[in-house]
Amino acid sequence: MLDLAVIVNNFRFLVVQGLLGLGGFTGGTLRLAIPAIVLGFVLGIFVGVARLARARWIRLPATLYVEFFRGVPLVMVIFWIWFIIPQLLRLPIPEYGVALTAFVIFEAAYFGEIVRAGIQSVPRGQVEAATALGLTRAQALRFVVLPQAIRNMVPALVTQMIVLFKDTSLASIIGYVDLTKAAQIVNNREIRPFELYLFIAVVYFVFTYSMSRVAGRFERRLA
Amino acid sequence: MRYEFKWSVLWSGQSGSWLLQGLVTTLAISGLAWLLAVALGIVSGALRTVPWKPLRAVATFYVEFFRNVPLLVWMFFWYFGVPPLLPQVAREWLFDHAAEFWAAMCALGVYHGARMSEVIRSGIQSIPRTQFEAAVAMGLTTFQVYRLVIVPIALRLIVPPATSESLNLLKNSSVALTISVAELTFQTRQIETYTARAIEALTAGTVIYLVLCVGIATVMARVERHFAIPGLITRGG
């Protein structure tokens, strides 16, 4: 029935290259997911703050950005970047660069919405009190609003990080060797789809489920 | 270097009919998967509230395992992993009748069913217990309480998150191109392959997705406003 030898024999390739991308390999789910989460969140902070700006010429492009990327599949965005960047820069970009760019641009729209909702969840009185204490608008945002907003954002942020972690599997469509692609490569040789795909499903699950458990504990401590 | 646009590739030759076929397939697969997702969501959402623990554990396992694994992995699992386990007759029938379509439908429906389950559960949990108690105090039977109070409120609370989850399903149907279902993104890529016009082809696909998503979201926002209960639901925006 279940042939676990296929997992044991290819464990090194699946986990060291596919999941971690260590040892001189050019792939890896984590090598893509971690920078994508960090950069996507940083860009998302700018997008979220821009959506609440007073000036219309800042607010409108940010709103269009969010609405556009939330109305388009991620697969489509990956193909856009894949075709457009080589055209613009006139040089070939490795799959890693294409995938990372696509994830950061796409996920920033979702992170931006979370940041916006988090900022709006801070009562207006806090801003007014900060202003009354003589803080500038930027200082009030930096020292009063954002620290409170980030606390409120934690659950939604973690959910989005889990979504992004799962989405990195789509980088395999353009040939990036992540965990999913590694399983595909092994399967082409061994023809053991049930065992291999179930195995990587369990690996993804271990990561995403423990992320949500850690977040739950962290959330209770902050509250 | 300047790029010379040539939009006519979208309506000359077969491109137009490919886009249309892609749109029809996307809508068909999303519609069927949506029905499956809602059914699974309601059943598993309800099972998570029953007093018998093993049943609750099964429902919880389904929800947590299926929504925490990438959809792409489920696509491969249902397309490559499941058919070899089926009896010979069923397998042959399946591969004569668009196996990739049914595999993608199962992958989408079962994955989003787990996510829909969470939407439904949190909708029901957000109804204050006092609503139930007040309805009982007014002399309604349990059946009447559900029909006249709980379900109407729950449906209204669920509309916004269920809409955004349904749109996620629609957008995620694009992942089906990995197992060569000829849906919209697949057809966009096909036009690109035949005409070597990447920007025009991708623009066409992107605009169709945007129109679908923004259109559905606008209609549902209107539905939500129309049925809103004053004082119960406040929504920013």
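Everything in this summary refers to the structure shown in the same document.

### What to know about the overall build of chain A
Along its length, chain A carries 10 helices and 0 strands. Each helix and strand of chain A, ordered N terminal to C terminal, gives the series α-α-α-α-α-α-α-α-α-α. Buried positions account for 43% of the 223 residues belonging to chain A. Sequence separation of 24 or more characterises 70% of the internal contacts of chain A that already satisfy a separation of 6 or more.

### A few points about the nonpolar core
Judged by nonpolar contacts, the single largest core of 111 residues is most densely connected at Ile78(A), Ala99(A), Val73(B), Trp74(B), Met75(B), Ala104(B) and Ala107(B). Broken down by element, this core gets its largest block of residues, 15 residues, from helix 6 (residues 95-120) of chain A. The residues contacting Trp74(B), other than those within four sequence positions of it, are Val69(B), Ala107(B), Val110(B) and Tyr111(B).

### Quick look at the packing of helix 3 (residues 29-51) of chain A against helix 6 of chain A
All names here are of chain A. In contact at an axis separation of 5 Å, helix 3 and helix 6 are set at 45 degrees when each is read in the N-to-C sense. By the angle between their axes, helix 3 is oblique relative to helix 6. Seen from above, helix 3 lies across helix 6 with right-handed handedness. Counted by class, the contact of helix 3 with helix 6 contains 19 nonpolar, 4 polar and 3 charged residues.

### Observations regarding the interface of chain A and chain B
Each partner contributes residues to the interface: chain A has 25 residues there, and chain B has 30 residues. Elements represented by at least two residues in the side of chain A that touches chain B include exactly helix 5 (74-89) and helix 10 (193-222) of chain A. Considering every element that reaches the side of chain A that touches chain B, the biggest residue donor is helix 10 of chain A, with 10 residues. Looking at the side of chain A that touches chain B residue by residue, the class counts come to 18 nonpolar, 6 polar and 1 charged.

### Some details on helix 4 (residues 88-96) of chain B
Taken across its 9 residues, helix 4 of chain B has 0 buried, putting it largely on the surface. The positive-phi residue at the C-terminal boundary of helix 4 of chain B is Ala98(B), with phi of around 50 degrees.

### A word on the packing of helix 2 (residues 53-67) of chain B against helix 5 (residues 99-125) of chain B
All names here are of chain B. Running from amino to carboxyl end, helix 2 crosses helix 5 at an angle of 120 degrees, the nearest separation of the two axes being 8 Å. Here helix 2 lies oblique to helix 5, going by the angle between them. Note that helix 2 runs across helix 5; the crossing there is left-handed. The segment helix 2 lies against helix 5, with Tyr 62, Val 63, Phe 66 and Arg 67 engaging Val 110, Tyr 111, Ala 114, Arg 115, Ser 117 and Glu 118.

Calculation criteria
Residues numbered from 1 in each chain as written. Chains lettered and ligands numbered in written order. Predicted model: local features only at pLDDT ≥ 70, side-chain atom pairs only at ≥ 80, totals over all residues. Helix = DSSP H or I, 4+ residues; strand = E, 2+ residues; numbered from the N terminus. Buried ≥ 20, exposed ≤ 12 C-beta atoms within 10 Å, placed from the backbone. Contact = placed C-beta atoms within 7 Å. Core = buried A, V, L, I, M, F, W, Y, C linked by C-beta atoms within 7 Å. Axes fitted to C-alpha atoms, helices over the stretch in contact; angles between N-to-C directions. Parallel < 35°, antiparallel > 145°, perpendicular 65-115°, else oblique. Left-handed = near helix turned anticlockwise from the far one by under 90°. Nonpolar A, V, L, I, M, F, W, Y, C, P; charged D, E, K, R; others polar.

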